[in-house]
Amino acid sequence: MAPLIFESPHALKDFVGREIAVTDWLTITQERINLFAEATEDRQWIHMDRERAERESPFKATIAHGFLTLSLVSHFMQQAMKIRDGLRMAVNYGLNRVRFPAPVRSGARIRARIILQSLKEIAQDAVEAVYTVTIECEASEKPCCVAESIVRYYS
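Quick summary incoming for the structure in this document. (Residues numbered from 1 in each chain as written. Predicted model: local features only at pLDDT ≥ 70, side-chain atom pairs only at ≥ 80, totals over all residues. Heavy atoms only, no water.)

**What about the overall build of the protein?**
For clarity, the threshold we go by: Comment: elements are numbered from the N terminus, with helices defined as DSSP H or I runs of at least four residues and strands as E runs of at least two. Throughout, exposure labels follow a simple rule: accessible area from a 1.4 Å probe, protein chains only, divided by the maximum for the residue type, with under 20% read as buried, over 50% as exposed, and the rest as partly exposed.
The number of helices and strands found in the protein is five helices and eight strands. Listed by position from the N terminus, the elements making up the protein come as β-β-β-α-α-α-α-α-β-β-β-β-β. Dimensions along the principal axes, computed over C-alpha positions, put the protein at roughly 55 × 30 × 25 Å. Across the 155 residues that make up the protein, the buried fraction comes to 40%.

Below, the structure written as structure tokens:
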């Protein structure tokens, strides 16, 4: 998908309350899950041991860490939009209301649906945007992650 281009951070104001994008699908491989497990020291068997997960897990497969799914919000945001001018830096300021309603099984494809919830000036040279990011898992009725992502844009 081609990203939506904004001329400046202030140009976002016209999109408050609107969907900015639905991103392309991304496959969550077992290799990605394993690398995340190593990076975070979270090697729980539901993420790493395929045979045991098939036998004992209610999901019948290894699953991605919830925080792996959440960490992909930045990737999806970069895929969805670009600010052309007037941006010195963008800072991930934090998250609100993070939930993981459904698992992401190894091999599943996910994508993000991004809505600009609010935009406010926080300083003479900065605006704060709050995005609702819903990460969908292909063939799942429930989203696999829902979060409010807060980004501060500095001119």
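**A closer look at the environment of Glu-7**
Our working definition: Counted as a polar contact is a pair of N or O atoms within 3.5 Å, where, for protein atoms, one must be capable of donating a hydrogen and the other of accepting one, and residues adjacent in sequence contribute only when both atoms are in side chains.
Secondary-structure assignment places Glu-7 in the loop between β1 (4-6) and β2 (19-22). Taking the relative accessible area as the measure of exposure, Glu-7 reaches 44% and is therefore partly exposed. On a C-alpha basis, the gap between Glu-7 and Met-81 in space is 11 Å, while along the polypeptide they are 74 residues apart. A polar contact of 3.2 Å, which involves the side chain of Glu-7, links it to the side chain of Arg-84.

**Re helix α5 (residues 73-80)**
As a reminder of what qualifies: Each C-beta atom gives one direction from the helix axis, and the arc is the one those directions make.
Listed as buried for α5 are Val-73, Phe-76, Met-77, Gln-79 and Ala-80. For α5, the angular spread of the buried residues around the axis is 160 degrees, confining them to a single face.

**Quick word on the nonpolar core**
Most often, soluble globular proteins keep nonpolar side chains buried together rather than apart. Worth spelling out the cut-off: To define a nonpolar core, start from buried Ala, Val, Leu, Ile, Met, Phe, Trp, Tyr and Cys residues and group those joined through side-chain atoms within 4.5 Å. Contacts were defined at the residue level, with two residues in contact if any of their heavy atoms lie within 4.5 Å.
Membership of the largest hydrophobic core comes to 36 residues, with the highest contact counts inside it found for Ile-28, Met-81, Ile-110, Tyr-131, Ile-135 and Tyr-153. At the level of secondary structure, the elements contributing two or more residues to this core comprise β2, α1 (30-40), α4 (66-71), α5, β4 (81-83), β6 (109-123), β7 (126-137) and β8 (145-154). When residues of this core are assigned to their parent elements, the largest contribution, six residues, is made by β7. Among all residues touching Ile-28, those that are not within four sequence positions of it are Ile-33, Ala-64, Leu-68, Leu-72, Val-104, Arg-105, Ser-106, Gly-107, Ala-108 and Ile-110.

**Here's the deal with the environment of Gln-79**
Structurally, Gln-79 is set in helix α5. Excluding its chain neighbours within four sequence positions, the residues that come into contact with Gln-79 are Met-1, Pro-3, Thr-23 and Asp-24.

**Quick word on the packing of aromatic side chains**
Test applied: Think of it this way: a Phe, Tyr or Trp ring, Trp meaning its six-membered ring, pairs with another when their centres are within 6.5 Å, and the plane angle makes it stacked under 30 degrees, edge-to-face over 60, tilted otherwise. Only when the NZ atom of a Lys or the CZ atom of an Arg is both within 6 Å of the ring centre and within 35 degrees of the ring normal do we say a charge sits over the ring.
Scanning the entire structure with this criterion turns up two aromatic pairs. Taking the centre distance of 5.1 Å and the plane angle of 85 degrees together, the rings of Phe-6 and Phe-15 count as edge-to-face. With relative accessibility at 16%, the residue Phe-15 sits in the buried group. Aromatic side chains Phe-67 and Phe-100 sit 6.1 Å apart centroid to centroid with 85 degrees between the ring planes, which places their arrangement in the edge-to-face category. You can see Phe-67 sitting in helix α4 and its partner Phe-100 sitting in the loop between β5 (89-99) and β6, a full 33 residues away along the chain. Exposure remark for Phe-67: the relative accessible area of 58% places this residue in the exposed category. Taking relative accessible area as the criterion, Phe-100 reaches 38% and is therefore assigned partly exposed. The ring of Tyr-93 carries the charged tip of Arg-152 above its face, separated from the ring centre by 3.6 Å.

**Let's talk about the state of the cysteines**
Filter applied, for reference: Criterion for a disulfide: a pair of cysteine sulfur atoms within 2.5 Å.
Per the counting criterion, the structure on display carries zero disulfides. Free cysteine: Cys-144, not disulfide-bonded; nearest cysteine sulfur from Cys-137 at 5.2 Å. We note that Cys-145 lacks a disulfide partner, and the nearest cysteine sulfur, in Cys-144, lies 6.5 Å from it. What makes Cys-145 buried here is its relative accessible area of 0%.

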